[in-house]
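Fold and geometry: a report
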Amino acid sequence: MNMEHGHASQIADLLNKHNQLAIEYDAERVLEKADEYLFDLSEDGRVKCCCQLKRVQWYQSEISHVTTHADFVRQGLGGRLIAVAEKKAQGDGARLIQCTIRAGNDPSEGMFKKAGFQAGPTFANPQTGNAVTVWSKALIVPA
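As the structure is a computational prediction, the values presented were derived from the model and not from experiment. Counting from 1, residues in each chain are numbered in the order their sequence is written. Thresholds applied to this predicted model are a pLDDT of at least 70 for local features of residues and 80 or more for the giving and counting of side-chain atom pairs; totals over whole chains, interfaces and linings are not thresholded and use all residues. As a rule here, side-chain values come from all non-hydrogen atoms in the structure, and water together with hydrogens is ignored.

Read from one edge of the open sheet, 6 strands run β1-β2-β3-β4-β6-β5, paired in mixed fashion. With one partner strand each, in any of the chains shown, β1 (37-41) and β5 (118-124) form the two edges of the open sheet. Strand-to-strand twist in this sheet, taken as the mean axis angle between neighbours without regard to direction, amounts to 25 degrees. By the convention used here, strands pair only if DSSP detects at least 2 bridges between them. Only runs of H or I of at least four residues qualify as helices and only runs of E of at least two qualify as strands under DSSP, and these elements are numbered from the N terminus. Relative to strand β2 (residues 47-57), β1 runs antiparallel, the two sharing 5 bridges. By the bridge assignment, Phe39 is partnered in β2 with Cys50. Orientation is described by axes fitted as lines to C-alpha atoms, over the contacting stretch for helices, and by angles from 0 to 180 degrees between their N-to-C directions.

Set out below in structure tokens:
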């Protein structure tokens, strides 16, 4: 789906309101990486849920900032978007997918656990001071 400026602005707003980020997002920052964003729209054109999927190594992709608009929470949209991101990453050749989640963010931890991700190490993010845990999932099981 092509991202319009209005979608990018809504995504930036969701990211800033619902995450504890080291940087402030705006529409231009989102549009610079528009090809990395996955999002669902409501019938009236609002961004219901979004995430960023980026390639970080030849074998590895990372999901960042799975965020759902308050009007659409608890509808399984985040989990569905994780599944879409996994399929896209695997189609692009990734063998491993990961994300970092702020420690204590029980809804996000539960969503990724339900999607088959496993918790790894926890450490402090020097930019935010938050403790974060790396969650990962193998996409291609070795033979």
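This paragraph deals with the pattern of salt bridges. Salt-bridge detection follows one rule: a side-chain nitrogen of Lys or Arg within 4 Å of a carboxyl oxygen of Asp or Glu. Taken as a whole and assessed by the stated rule, the structure comprises 6 salt bridges. We note a salt bridge from Asp44 to Arg46, for which the minimum N-O separation is 3.3 Å. Put simply, Asp71 and Arg46 hold a salt bridge, and the shortest N to O gap is 2.7 Å. Within this pair, whereas Asp71 is found in the loop between β3 (60-68) and α3 (77-91), its partner Arg46 is found in the loop between β1 and β2, the two being separated by 25 residues in sequence. Through salt bridges with shared partners, a single network forms among Asp44, Arg46 and Asp71.

Our focus in this paragraph is the pairing of β1. Each residue is placed in one exposure class: buried if its accessible area under a 1.4 Å probe, protein chains only, is under 20% of its type's maximum, exposed if it is over 50%, and partly exposed if it falls in between. Of all 5 residues that make up β1, 4 are buried, and the element is covered over most of its length. Connecting β1 to the antiparallel partner β2 that follows it, the hairpin turn spans 5 residues, and Gly45 within it adopts a positive phi of roughly 90 degrees.

Next up on the list: helix α4 (residues 106-114). Restricting attention to buried positions, one finds in α4 the residues Ser108, Glu109 and Phe112. Projected down its long axis, α4 carries its buried residues within an arc of 100 degrees, all on one side. Exposed residues lying more than 90 degrees from the buried face of α4 are Asp106, Pro107, Lys113 and Lys114. Contacts from the buried residues of α4 go to β3, α3, β4 (96-102) and β6 (131-138). Immediately downstream of α4, the backbone of Gly116 shows phi near 95 degrees, a positive value. Taking the helix axis as origin, the arc is that swept by the directions to the C-beta atoms. Only heavy atoms matter for contacts: two residues are in contact if any of them lie within 4.5 Å across the pair.

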